[in-house]
Amino acid sequence: MKNSYDIVIIGSGLGGLECGLMLSKEGYKVCVLEQARVFGGCLQSFYRKGRCIDTGIHYVGSMSEGQIMRQYLKYFDIFNDLEITPLDEDFDVISFGDKEFNYKHGHDQFLSYLTQIFPSEKEGLKRYLDKIKEIGTSIGTDVHKSGNFSSGDIYNLGVSAADFIDDCVENKVLRDILAGTNVLYGGERNASNLYHHAMINNSNIEGAYRFIGGTQKIADLMVKKIESHGGVVRNCSKVVHIDVEQADVKSVELENGEKIFGKHFISDIHPASTFNMLGNTPVIKKAYRSRLNLLSNTYGIFSVYLMMKPNSFPYLNQNHYFYKNQDAWDTVIEKNSFDPKAVLLSTQLGKKGDKFSDIVVLMTAIQGNYFERWINTRVGKRGDDYNEIVNQLSSQVIDYSARFCPQIKDHIEDIYTATPLTYLNYTGTPQGSAYGLLKDYNKMMSTLLPARTKLNNLFLTGQNLNVHGALGVTITAATTCAELLGKEYLAKKIGKA
């Protein structure tokens with residue numbers, strides 16, 4: 001039958017492409033459907049005046065030799081085609097006013113550095129690092145070689161990250177240093193769980209790297225690999241309806257009315273959006289769909305992309321977190337405010353050896369409903385009021401960042417921005433949430449969704465299921481594919497790639 005496949009995947013974000021690549025590599029006839037013109041979700045890069053600007057992934061951890069993210073890229077057979085560079089030993093810098101503190105590569109180096117500053121906290125710091133290493137290595141290469149994706153520690157999804165940090169150390173400044181990168185996973189004091197915090201921080205302490213020349217290359221390489229295995233990857237193909245008969249999905253319908261049939265279906269988009277497209281079926285109760293719609297999502301990100309004058313602003317081989325207050329959990333711009341509370345500054349590396357950066361990215365957390373007035377508008381058609389607010393926010397973020405990095409304003413050639421509505425339009429995530437569903441330690445069971453749904457042949461993947469970020473999405477994609485390929489078989493194959 002024309003338009004009939006073994007696997008139909010909705011969405012070409014990192015998780016969707018990884019599922020498509022794993023399954024096509026294993027002999028399945030795959031079709032990936034993407035609503036946008038460009039593949040990749042938050043891997044997407046866009047171009048302005050000939051310069052490449054990354055949108056979502058600015059550095060990735062667990063990338064040193066033998067570490068699990070590198071292992072997956074080897075299994076995908078794209079690692080040798082990527083250009084990467086390790087970040088400095090001091091890969092993250094946390095700033096509170098005029099005080100700076102570093103995150104160092106290596107657990108021993110991390111411990112030694114902070115112990116010199118806070119000698120009375122040595123035992124607590126060691127306890128903290130031992131725990132995040134235990135959680136982080138539970139998904140390591142050796143675990144995969146044994147035939148598992150994880151050796152456990154999932155119960156830490158029900159443990160408060162903030163409470164654990166507070167239990168380990170007493171010094172208020174040190175507590176905030178250890179929580180200083182929570183913008184990377186949508187950190188919230190009263191919700192964020194220890195599992196997410198540990199996975200993100202341990203991964204970067206293991207080995208934080210930057211991709212050279214834009215993260216779009218990752219998506220493009222994956223698309224080519226899928227196609228080389230006989231798969232099909234289609235853009236401008238928005239799924240608007242999922243056709244169900246009894247307990248099976250039969251096809252998906254595109255915006256133009258075309259139907260795509262399959263034996264198995266995987267959704268890489270938000271679970272609420274997925275189930276809202278289902279036809280009437282007693283298998284997925286209306287109450288369950290309503291509950292998904294009511295689950296909280298993480299906050300959004302307001303991004304300012306600074307195009308710098310050529311050869312004027314130095315490339316910084318580290319990332320800088322600037323905090324207004326001595327509270328690393330107080331990060332979100334509230335509605336009707338223009339006052340940033342925390343900004344992450346990251347520079348891009350156009351090509352290996354560059355001493356200067358053409359692009360500086362400033363990111364700050366913002367309430368998901370900040371732009372709800374324009375929720376039904378499209379990019380470029382939101383009106384003067386919207387543009388005025390965006391420009392005011394952008395100016396405040398730049399001015400705020402200049403307090404920590406005074407030279408930044410002297411070298412700006414042009415400015416571009418992205419609001420949560422930009423994320424909504426290009427990724428489809430509700431309210432433009434940066435990281436999808438909020439994994440609340442208070443509600444562990446209701447926010448931890450399995451890959452397998454109650455429909456026999458519909459599966460979920462992506463950042464909404466497990467851990468945000470490149471590594472979390474990658475492990476989740478493998479877990480989803482294991483429903484079809486078998487856990488032991490796939491884990492060992494990845495671990496030994």
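Located above this text is the structure these notes cover.
Notes on the structure in this doc start here. Here the residue index of a chain counts from 1 through its sequence in written order. The predicted origin of the model limits local features to residues at a pLDDT of at least 70 and limits the giving and counting of side-chain atom pairs to 80 or more, whereas totals for whole chains, interfaces and linings rest on all residues. Note: side-chain values were computed over all heavy atoms of the structure, leaving out hydrogens and water.

1. Quick notes on helix H8 (residues 194-207)
- For helices the rule is a DSSP run of H or I covering at least 4 residues; for strands it is a run of E covering at least 2, with both sets numbered from the N terminus onward. Multiplying one less than the number of residues by 1.5 Å gives the expected span of a helix. The end-to-end C-alpha distance of H8, which contains 14 residues, comes to 20 Å, matching closely the 20 Å that a straight helix rising 1.5 Å per residue would cover.
- Any residue under 20% of the maximum accessible area for its type is buried, any over 50% is exposed, and the rest in between are partly exposed; the area is computed with a 1.4 Å probe on protein chains only. By the criterion of burial, H8 is predominantly enclosed, with 13 of the 14 residues buried.
- In protein, a polar contact requires one atom able to donate a hydrogen and another able to accept it; more generally it is a pair of N or O atoms within 3.5 Å, and residues adjacent in sequence count only if both atoms are side-chain atoms. Taking the backbone nitrogen of Tyr-195 as reference, a side-chain oxygen 3.1 Å away marks Asn-193 as the first, capping residue of H8.

2. Some remarks on the pairing of strand E6 (residues 90-96)
- Among the 7 residues of E6, 6 are classified as buried, and the element is accordingly described as predominantly covered.
- Here the rule is simple: two strands pair whenever DSSP picks up at least two bridges between them. Pairing geometry for E6 and strand E7 (residues 99-104), over 6 bridges, is antiparallel. Bridge pairing links Phe-96 to Lys-99 in E7.
- Taking the residues between adjacent antiparallel strands as the criterion, E6 and E7 are bridged by 2 residues, where Gly-97 takes a positive phi near 65°.

3. Examining the side chain of Ser-138
- Structurally, the position occupied by Ser-138 is in the loop between helix H4 (122-136) and helix H5 (141-145).
- One polar contact links the side chain of Ser-138 to the main-chain carbonyl oxygen of Ile-135, over a distance of 2.5 Å.
- If we skip the residues at most four places from it in the chain, Ser-138 touches Val-143, Phe-149, Ser-150, Ser-151, Gly-152, Asp-153 and Met-199. By definition in these notes, contact holds between two residues if any of their heavy atoms fall within 4.5 Å.

4. Observations concerning the sheet that holds strand E16 (residues 359-366)
- As summarised here, the arrangement of the 7 strands in space is E7-E6-E14-E15-E16-E13-E17, forming an open sheet in which the pairing is mixed. Strand pairing shows two members of the sheet lacking a second neighbour, E7 and strand E17 (412-418), which therefore form its edges. On average, each strand axis in the sheet is tilted by 20° relative to the strand beside it, whichever way the strands run.
- Orientation is described by lines fitted to C-alpha atoms, with helices fitted over the stretch in contact, and by angles between N-to-C directions that extend from 0 to 180 degrees. Relative to strand E13 (residues 300-308), helix H12 (residues 384-404) is tilted by about 70°, and along the sheet it contacts E6, E13, strand E14 (319-323), strand E15 (342-347), E16 and E17.

5. Section: the packing of aromatic side chains
- A pair of Phe, Tyr and Trp rings is counted when the ring centres sit within 6.5 Å of each other, with Trp represented by its six-membered ring. The angle between the planes then sorts it: under 30 degrees is stacked, over 60 is edge-to-face, the rest tilted. Within this structure, the stated rule accounts for 15 aromatic pairs.
- Cluster of aromatic residues (ring-pair linked, three or more members): Tyr-370, Phe-371, Trp-374 and Tyr-386.
- The lysine or arginine in question, Lys-25, covers the ring of Tyr-75, its NZ or CZ lying 4.9 Å from the ring centre.
- By definition, being over a ring means that NZ of Lys or CZ of Arg is both within 6 Å of the ring centre and within 35 degrees of the ring normal. For Lys-104, the ring lying beneath its charged end belongs to Tyr-113, and the centroid distance is 5.2 Å.

6. Here's the deal with the pairing of strand E1 (residues 4-10)
- Judged by how many residues are buried, E1 sits mostly within the fold: 6 of 7 residues are covered.
- When E1 meets strand E12 (residues 259-267), the two strands line up parallel, connected through 6 bridges. In the strand pairing of E12, Ile-9 is matched with Ile-266.
- Examined bridge by bridge, E1 and strand E2 (residues 30-33) share 4 bridges and lie parallel to one another. Within the sheet, the bridge partner assigned to Val-8 lies in E2 and is Cys-31.
- By convention, orient the strands away from the viewer: a clockwise path from the first strand over the helix to the second makes the crossover right-handed. Since E1 and E2 lie parallel, the crossover through helix H1 (residues 14-25) that links them has a hand, and here it is right-handed.

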